[in-house]
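# Understanding the architecture of this molecule
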Amino acid sequence: MNFPQIETFEGRLEAMKALSKKFLTRAHKVDIEGSFPFENIEDLKSTGYTTLTVPSRFGGKEISLYELIRLQEMIAEGDGATALSIGWHMGIIMNLDEKRSWSESLFKFLCERVNNGALINSAQTEPKTGSPTRGGRPETYAVKTSQGWEISGRKSFTTMAPVLDYFIVNATIKENNEMANFLIPRGTKGVNIEETWDSIALRGTGSHDLILEKAIIPEEYLVEMPNAKGRKANGWLLHIPACYLGIAKAAQKYAIQFASEYSPNSINGTIIDLPSVRQKIGEMELKIMQTESFLYSTAKQWDSTAENEREKMLPILGAVKLTVTNAAISIVDLAMRIVGAKSLSLQNPLQRYYRDVRAGLHNPPMDDMTIELLAKESIFIHQNN
């Protein structure tokens, strides 16, 4: 299996379906141990999947956002932790290509490394500042030296930390108090990982703390000075709701299979013929249809919208994440109601889906920020018409 050599989207989706089934067989062990899915990530690298968002000018397939979220969703049906982990890498490469905020030479350098198996993620969150989407200023600081930049600080929630080759770190420049993003290779002296990840949800993401102790990087590794004026529209973040939709679909599939086979001696046949069970199955399917439509159509809208018009999509992107994530939580709940107390067994995948899907509430953008943005948008429209 080699994803870059598969020419059609349908072909890549079928290939991912097969790979996702392998991930499902490993998911329970990784979850119970609280370990990291090294085999899954290696499979994604060896099949060339991790190169698909590299732009064509640098040897990649430059797949669309729609294709990315469909593939990510399929990964999540097998293992949500693997999907969310690799989704950050895939989306960041896509975003860097779209925004063109880095120097072309440095982005080319990164893409060449990605084509050879390198993985990247951002390390933006800090224990004292919380999510960067709420405007916290990083306490990680950068000092200009004769050797380049010296970076010191601690970052939390560094997803996929066990296998990352590059980190994008935001830091405050000491001399002028401005914020900047820096590219830090894993092998840099002073870069360490502290294994702090003990979440009950998505236990396999390896979202440990990144510790930087006077890490020296070249001057040109200051990659951008982010514009702090308001949130930006980022279509690539739809990989987040795609992950939770995939988990919900896995729960739906399990519940229907269970209902098709479970036959208590109090009834004739299986429980799938019971009206109360069929009601829940119908409710799950309705939510799946609604969320698919919203997520897929928005991704296609992003793909077909001119770059200078995409900022207008900020409200709908937040609305999609809120809608899909909360629907996914509801779908898993319905699945558990069908299966009953058996769904609470540690041996049952539904209890993992239940824990994993709730993590979406804490991925950006947060629900309260989305609702406030939608209110602001609605008020502006109606007051100016």
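Along every chain, residues carry numbers that run from 1 in the direction the sequence is written. Local features are withheld for residues below a pLDDT of 70 in this predicted model, meaning they are given only at 70 or higher, and side-chain atom pairs are given and counted only at 80 or more; totals for whole chains, interfaces and linings count all residues. Note that water and hydrogens are dropped before the side-chain values are worked out from all heavy atoms of the structure.

## Quick word on the side chain of Thr305
With respect to the helices and strands, the residue Thr305 is situated in the loop between helix H7 (275–304) and helix H8 (314–339). In this view, Thr305 contacts Arg310 and Met313; residues no more than four positions away in its chain are not counted. Under the DSSP-based scheme used, a helix requires at least four consecutive residues in state H or I and a strand at least two consecutive residues in state E, with every element numbered from the N terminus. By the convention used here, residues are in contact when the closest approach between their heavy atoms is within 4.5 Å.

## As for the packing of aromatic side chains
Aromatic rings from Phe, Tyr and Trp, taking only the six-membered ring of Trp, are treated as a pair when their centres fall within 6.5 Å; an angle between ring planes under 30 degrees marks them as stacked, one over 60 as edge-to-face, and anything in between as tilted. Under the defined criterion, the tally for this structure stands at 10 aromatic pairs. Between the aromatic rings of Phe3 and Tyr49, the centroid separation amounts to 5.5 Å while the plane-to-plane angle is 65 degrees, which identifies the pairing as edge-to-face. In this pair, Phe3 is assigned in the segment before helix H1 (9–33) and Tyr49 in the loop between helix H2 (38–46) and helix H3 (65–78), connecting sequence segments 46 residues apart. With respect to burial, Phe3 and Tyr49 carry one shared label: buried. Aromatic side chains Tyr66 and Tyr296 sit 5.8 Å apart centroid to centroid with 85 degrees between the ring planes, which places their arrangement in the edge-to-face category. Taken together, the residues span a long stretch of sequence, with Tyr66 in helix H3 and Tyr296 in helix H7 at a distance of 230 residues. A residue is classified by how much of its surface remains accessible, and Tyr66, at 16% relative accessible area, is buried. Put simply, the rings of Phe9, Tyr66 and Tyr296 pair up and form one aromatic cluster. Definition used: whenever NZ (Lys) or CZ (Arg) falls within 6 Å of the ring centre and also within 35 degrees of the ring normal, the charge is taken to sit over that ring. Against the face of Trp149 rests Lys144, its NZ or CZ located 5.3 Å from the ring centre. Stacked on the ring of Tyr66, the Lys or Arg Lys300 has its end atom at 4.6 Å from the ring centre. For every residue, the accessible area obtained with a 1.4 Å probe (protein chains only) is divided by the maximum for its type, and the residue is called buried under 20%, exposed over 50%, and partly exposed between those limits.

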